[in-house]
Amino acid sequence: MRKLSSAAGSLLFLLATISSISGGLAAGPVNPASGSDEQTINVILMIGDGMGFSQTTLARMDKADRNLALYENTSLRMDEMERAGYVSTHSANSLVTDSAPASTAMATGEKTNNGVISQDSQAVQGIRDGRNLTTILEMAEKAGLSTGVVTTTRITHATPAAFYAHVDNRDNESEIADQLLTSGVEVALGGGLSYFLGGNYTSPAGGKGKRSDDRNLIEEATCKGYAFVFNGTAFEELDVENTTKLLGLFENSHMLYELQRLNSSNREPSLADMTGTSIDILSRNPKGFFLMVEGGRIDHACHERSLDNTSADTLAFDEAVGRALDFASSNNRTLVIVTADHECGGLVLQPADLDTYEAGGVKPVFGSGTTKTEGPRYDFITEMEEATHTAVDVPIMASGPGSELVGQGRMDNTDIFLVMKKALGL
Ligand SMILES: [Zn+2]
């Protein structure tokens with residue numbers, strides 16, 4: 001068992017102190033099971049995969065066309081949030097995490113090993129199972145709340161999977177898809193059609209399924225009462241008022257980068273629209289809801305050292321954050337948390353002219369997987385084609401009831417689970 005970090009220790013103390021002084025958080029009672037609509041707290045957790053401080057800064061600069069005069073008055077939607085802080089992201093077996101244990105930490109409050117999805121640190125990726133850890137989504141389901149997972153990656157990818165599945169290997173996406181169907185989750189939107197269909201079935205997006213068995217999980221989902229959509233038109237025409245369970249899978253693998261999506265005939269929904277529709281469906285539950293939204297491909301863009309896609313996908317994620325904040329401001333009963341699972345790429349926002357800051361511009365480069373050379377500062381030679389995750393702390397922002405616990409010094413990613421659990425009264 002790992003020792004609690006000092007950050008986690010102080011947060012636990014703070015939680016205990018707040019409970020003993022006021023009998024609950026200042027924003028009001030937090031027991032959704034008590035039946036009164038007034039007391040319902042919803043939690044929307046928004047994860048920018050690979051989104052460090054450099055990525056959010058780059059997105060803000062690009063929103064201002066990298067123009068200094070405009071930049072001074074430019075902000076992201078996530079900049080509006082009431083609290084801000086920073087989070088350490090190490091996993092049980094590495095200072096540099098991958099998405100699986102980072103998401104597990106947020107979903108369950110426990111550190112596990114790289115590659116492992118919501119099992120404890122006895123699990124070794126692809127070698128042996130550990131004990132299943134109960135997730136915040138499962139706790140919410142059990143308490144009668146509605147739940148949802150939304151992402152731009154495959155819905156079976158590590159970050160969303162850690163909220164509803166338990167496997168020793170993040171690559172076992174057929175098994176993860178099975179577990180999505182038994183999780184009770186009301187809304188699941190993203191990519192990943194291939195893992196829902198056996199090889200004998202043709203995917204609505206073309207091509208054959210990738211499952212090793214001969215199951216058709218899409219048919220099984222519709223039998224369980226899910227409305228199923230696989231393109232933007234069907235998504236837009238959905239009778240949201242009369243939809244209680246929704247499975248939307250818009251690509252065989254990941255959904256498109258935002259820049260591709262805007263130029264595509266495929267008409268995939270935006271992350272913001274998927275977030276809005278999810279909130280519309282989930283918020284009809286008088287007991288409240290838990291929703292996880294991932295801007296999942298910021299990470300991919302950083303791995304690929306694509307500045308354009310990093311920036312555009314971060315801005316698309318920020319627009320989704322805006323939808324959550326707009327909903328939250330309409331009811332004052334919703335905790336919104338925005339954070340990342342880890343930074344990716346070691347993105348450096350260096351001056352456009354390496355010899356002088358006075359030139360005024362910025363020239364971003366991805367530093368990870370490179371070696372610093374002799375010569376001007378921040379002069380790198382690229383060694384690896386793909387950039388990697390880094391160990392640097394990531395941002396966290398929070399607004400709404402329960403957000404008081406964020407921004408009181410360093411947090412560990414496991415603390416995010418505690419903050420959400422407290423807010424939901426679970
Ligand atoms: Zn990640």
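Scoring rules and cut-offs
Residues numbered from 1 in each chain as written. Predicted model: local features only at pLDDT ≥ 70, side-chain atom pairs only at ≥ 80, totals over all residues. Helix = DSSP H or I, 4+ residues; strand = E, 2+ residues; numbered from the N terminus. Buried ≥ 20, exposed ≤ 12 C-beta atoms within 10 Å, placed from the backbone. Contact = placed C-beta atoms within 7 Å. pLDDT = per-residue confidence, 0-100. Axes fitted to C-alpha atoms, helices over the stretch in contact; angles between N-to-C directions. Parallel < 35°, antiparallel > 145°, perpendicular 65-115°, else oblique. Left-handed = near helix turned anticlockwise from the far one by under 90°. Nonpolar A, V, L, I, M, F, W, Y, C, P; charged D, E, K, R; others polar.

> Looking at this model, I keep getting lost on the overall build of the protein chain. Mind explaining?
Within the protein chain, the regular secondary structure consists of 14 helices and 15 strands. Residue burial in the protein chain is summarised as follows: out of 426 residues, 52% are buried. The contacts of the protein chain with a sequence gap of at least 6 include a subset with a gap of at least 24, amounting to 66%.

> Help me understand helix H14 (residues 413-424), please; the structure alone is not making it clear to me.
Of all 12 residues that make up H14, 10 are buried, and the element is covered over most of its length. What H14 keeps buried is the set Asn-413, Thr-414, Asp-415, Ile-416, Phe-417, Val-419, Met-420, Lys-422, Ala-423 and Leu-424. One or two positions beyond H14, positive phi appears at Gly-425, with a value near 65°.

> Is there a simple way to explain the confidence of the model for the protein chain in this structure?
Any residue range with low pLDDT should be treated as having predicted coordinates unsuitable for detailed reading. Of all residues in the protein chain, 88% have pLDDT values of 70 or greater, and the mean over the chain is 90. pLDDT under 50 marks residues 1-6. Its contacts with residues more than four places away, or in other chains, come to 5 contacts. Per-residue pLDDT stays below 50 along residues 17-38; that stretch engages in 35 contacts with residues further than four places along the chain or on separate chains.

> Please clarify how the packing of helix H11 (residues 271-282) against helix H13 (residues 307-331) should be interpreted in this entry.
Helices that pack against each other are described as a pair by the angle of their axes relative to one another and the distance between those axes. Where H11 meets H13, the axes come as close as 7 Å, and the angle between the chain directions of the two elements is 25°. With respect to their mutual orientation, H11 and H13 come out roughly parallel. Of the two elements, H11 crosses H13, and the hand of that crossing is right-handed. For the pair H11 and H13, the contacting residues are Leu-271, Ala-272, Thr-275, Gly-276 and Ile-279 in the first and Ala-316, Phe-317, Glu-319, Ala-320, Gly-322, Arg-323, Ala-324 and Phe-327 in the second. Partitioned by chemical class, the residues of the contact of H11 with H13 number 8 nonpolar, 3 polar and 2 charged.

> What is the right way to read the packing of helix H4 (residues 99-108) against H14 from this model?
Their axes nearest at 6 Å, the elements H4 and H14 cross at an angle of 30°. Considering their axes alone, H4 and H14 lie roughly parallel with respect to each other. Seen along the crossing, H4 lies across H14 with a hand that is right-handed. Of H14, the residues touching H4 (which contributes Ala-102, Ala-105, Met-106, Ala-107 and Thr-108) are Asn-413, Thr-414, Ile-416 and Phe-417. Of the residues that constitute the contact of H4 with H14, the class distribution is 6 nonpolar, 3 polar and no charged.

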